[in-house]
Amino acid sequence: DGLIGMSIDERVQQEAIDFIVSKQNADGSFPPVCQPLHKEMQGCSGGHCTLTAYITLALLEAGVPAQNKSVRSALDYLTSNCITSNCNSPYTLALLAYTLTKADVGSPATQQVL
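Residues numbered from 1 in each chain as written. Predicted model: local features only at pLDDT ≥ 70, side-chain atom pairs only at ≥ 80, totals over all residues. Heavy atoms only, no water.

Its place among the elements puts serine 80 in helix H3 (residues 69–82). When its relative accessible area of 51% is taken as the criterion, serine 80 is described as exposed. At 2.9 Å, the side chain of serine 80 and the backbone oxygen of aspartate 76 are in polar contact. (Helix = DSSP H or I, 4+ residues; strand = E, 2+ residues; numbered from the N terminus. Buried < 20%, exposed > 50% of the residue type's maximum accessible area, 1.4 Å probe, protein only. Polar contact = N/O pair within 3.5 Å; in protein donor to acceptor, adjacent residues only side chain to side chain.)

This is how it looks when you write it as structure tokens:
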């Protein structure tokens, strides 16, 4: 959807979404399935906040609605565990703000991050 001039086979995209969702933890977070190439993806204190925000944003950008069970679970994880954490990483905070804004503009959680 967001790639101008490019088309993605819907079946392939859905298989990728299904694979990503299958890796989600019961608490809504997404764990790393391998060592990240960029240490920033580990986020603060080695937690799952940065990666979960990044994956949630990717799902939203792929057209998965914010009301989807997996996305909602990830958003709940982010708002419950990441906003109140002692994370001061500009990258993580910016990614949290962008993800929450993409999912639900104007929510109290989004305003707290902003």
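Now for the nonpolar core. Core analysis: the biggest nonpolar cluster contains 22 residues, and Leu59, Val71, Leu75, Leu78 and Cys82 have the highest contact counts within it. Counting only elements with at least two residues in this core, the list comes to helix H2 (49–61), H3 and helix H4 (90–103). With seven residues, H2 is the single largest residue contributor to this core. Contacts of valine 71, omitting those with residues within four sequence positions, involve Thr56, Leu59, Leu60, Val64, Pro65 and Ala66. (Core = buried A, V, L, I, M, F, W, Y, C linked by side-chain atoms within 4.5 Å. Contact = heavy atoms within 4.5 Å.)

Before going further, it helps to spend a moment on the packing of H2 against H4. Between two packed helices, what matters for the description is the angle formed by their axes and the separation of those axes. As a packed pair, H2 and H4 sit with axes 9 Å apart at the nearest point and diverge in direction by 35°. Considering the relative orientation of H2 and H4, their crossing is left-handed. The residues of H4 that touch H2, namely those facing Thr50, Ala53, Tyr54, Thr56, Leu57, Leu60 and Glu61, are Tyr91, Thr92, Leu95, Leu96, Tyr98, Thr99, Lys102 and Ala103. (Axes fitted to C-alpha atoms, helices over the stretch in contact; angles between N-to-C directions. Left-handed = near helix turned anticlockwise from the far one by under 90°.)

Turning our attention to the state of the cysteines. Applying the stated criterion across every chain, the model contains one disulfide. What pairs with cysteine 49 in a disulfide is cysteine 82, and their sulfur atoms sit 2.0 Å apart. Every disulfide takes its handedness from the sign of the S-S torsion; for cysteine 49 and cysteine 82 that torsion is -90°, giving left-handed. You can see cysteine 49 sitting in helix H2 and its partner cysteine 82 sitting in helix H3, a full 33 residues away along the chain. Judged by relative accessible area, which is 2%, cysteine 82 ranks as buried. (Disulfide = S-S within 2.5 Å.)

Our focus in this paragraph is helix H1 (residues 10–22). The end-to-end C-alpha separation of H1 is 18 Å, in line with the 18 Å expected for 13 residues at 1.5 Å each. Of the residues flanking the start of H1, the one acting as N-cap is aspartate 9, its side-chain oxygen 2.8 Å from the backbone nitrogen of arginine 11. (Expected span 1.5 Å × (residues − 1).)

What follows concerns the pattern of salt bridges. Under the criterion given, the structure shown has two salt bridges. Close ionic contact of glutamate 15 with arginine 11 constitutes a salt bridge, the shortest N to O distance being 3.0 Å. In this pair, glutamate 15 and arginine 11 both sit in helix H1, four residues apart, roughly one turn of the helix. With relative accessibility at 52%, the residue arginine 11 sits in the exposed group. Linking lysine 102 and glutamate 61 is a salt bridge whose minimum nitrogen-to-oxygen distance equals 3.5 Å. One end of the pair, lysine 102, is in helix H4; the other, glutamate 61, is in helix H2, and 41 residues separate them in sequence. (Salt bridge = Lys/Arg side-chain N within 4 Å of Asp/Glu carboxyl O.)

The geometry of H2 relative to H3 is characterised by a closest axis approach of 10 Å and an angle of 145° between their N-to-C directions. Read as a crossing pair, H2 and H3 show a hand that is left-handed. Counted together, Cys49, Thr52, Ala53, Thr56, Leu59 and Leu60 of H2 and Val71, Ala74, Leu75, Tyr77, Leu78, Asn81 and Cys82 of H3 form the full contact between these two elements. For the contact of H2 with H3, the per-class residue count stands at ten nonpolar, three polar and no charged. (Nonpolar A, V, L, I, M, F, W, Y, C, P; charged D, E, K, R; others polar.)

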